[in-house]
Amino acid sequence: MADGSNILTLLDGDLSSVIGAAIVRDELLGSAGGQGLAAIAPGVGAAAPLRRSAAIDIAEAFGLRVVLTQRADESQNQLLVRAAEVAREQRVGKISWPVHAGGVGVVDLDEAARLVHRAGLAARLVQLASADPDPIPIRAELVDLADEQVADLALDVDAPVRLAWWWDDTLVARVMSDRLPPDTALDAASRLKLIQIRRWLPILMDAGIDLSLPTA
């Protein structure tokens, strides 16, 4: 069913999604008539609305046509199966799932293995249900990278890191200048973003990524 040139990317709005979209952009530059498609996959939890908005912005920034959006009651397993079904309908040759199981200096290899296994099972299930000769592969190329490696890759592919759901110019500026108010003085969304800013900002700076903020 697939023609091998179209790529469907699952976007959860995080930094890895920005990198995944940038990689797909580069892959499509070398294809003849290939299209970039997107599945908006924000997951669940307090950050889901922020992730959803960022994922839509990422798709728009990279010219990816949205063909699937995760439902509020839809699990990751269900989403992967539905993504494989939509990919088959859209004649997609590959599904990119830029998820990663890393942290600062570490990778949860057990979690990485579970994610890869989950993707393979979803692809295989849709293949069997459709009686296709081969499954459409769901690739998780970033899954076994530590945060530092993710940052290096962001630099390599010129990924616009400010599209990540947690990026906030005001919060970043305050972190950089050590002028943050107490966490209790921040609203809930800002507190969620701040956790990720504190995680990623030093790593992105160490990788040499330009994080200079717009001047007033």
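To start, this report covers the structure provided alongside it. What you are looking at is a predicted structure, and each value in this text was computed from that prediction instead of being measured. (Residues numbered from 1 in each chain as written. Predicted model: local features only at pLDDT ≥ 70, side-chain atom pairs only at ≥ 80, totals over all residues. Heavy atoms only, no water.)

## Overview of empty space enclosed by the protein
Over the atoms, a rolling probe the size of a water molecule traces out where space has been left empty.
Working step 1: Throughout the structure, instances matching the rule amount to one cavity of 30 Å³ or more.
Working step 2: Computed from the structure, the largest cavity encloses a volume of approximately 60 Å³.
Working step 3: Lining the largest cavity we find Ala-84, Arg-88, Ala-123, Val-126, Gln-127, Asp-132, Asp-134, Pro-135 and Ile-136.
Working step 4: Of all the secondary-structure elements, those providing two or more residues to the lining of the largest cavity are helix H3 (76-89) and helix H4 (109-130).
Working step 5: When residues of the lining of the largest cavity are assigned to their parent elements, the largest contribution, three residues, is made by H4.
Working step 6: Class assignment of the residues belonging to the lining of the largest cavity gives a composition of five nonpolar, one polar and three charged. (1 Å grid on protein atoms, 1.4 Å probe; cavity = no way out; pocket = protein on both sides within 12 Å on 5 of 7 lines; lining within 4 Å. Points joined across faces, edges and corners; volume = space filled by probe spheres on them. Helix = DSSP H or I, 4+ residues; strand = E, 2+ residues; numbered from the N terminus. Nonpolar A, V, L, I, M, F, W, Y, C, P; charged D, E, K, R; others polar.)

## Some words on the layout of surface pockets
Working step 1: Of the volumes computed, that of the largest pocket is approximately 500 Å³.
Working step 2: Looking at the largest pocket, it is lined by 28 residues, and the ones nearest its centre are Asp-12, Ala-41, Arg-51, Gln-76 and Val-99.
Working step 3: Only strand E1 (6-11), helix H1 (15-29), H3, H4 and helix H7 (188-206) provide two or more residues apiece to the lining of the largest pocket.
Working step 4: For the lining of the largest pocket, the class distribution of residues is 13 nonpolar, nine polar and six charged.

## So, the nonpolar core
Working step 1: Counting residues in each nonpolar core, the largest one holds 43 residues, and the members touching the most others are Leu-11, Leu-15, Ile-19, Leu-64, Trp-166 and Leu-204.
Working step 2: Residue assignment for this core shows that the elements contributing at least two residues are E1, H1, strand E2 (36-40), helix H2 (48-61), helix H5 (147-156), helix H6 (169-176) and H7.
Working step 3: With seven residues, the single largest contributor to this core is H1.
Working step 4: Counting 28 residues, the second largest nonpolar core, distinct from the first, contains Ala-101, Leu-115, Ala-123 and Ile-136. (Core = buried A, V, L, I, M, F, W, Y, C linked by side-chain atoms within 4.5 Å. Buried < 20%, exposed > 50% of the residue type's maximum accessible area, 1.4 Å probe, protein only.)

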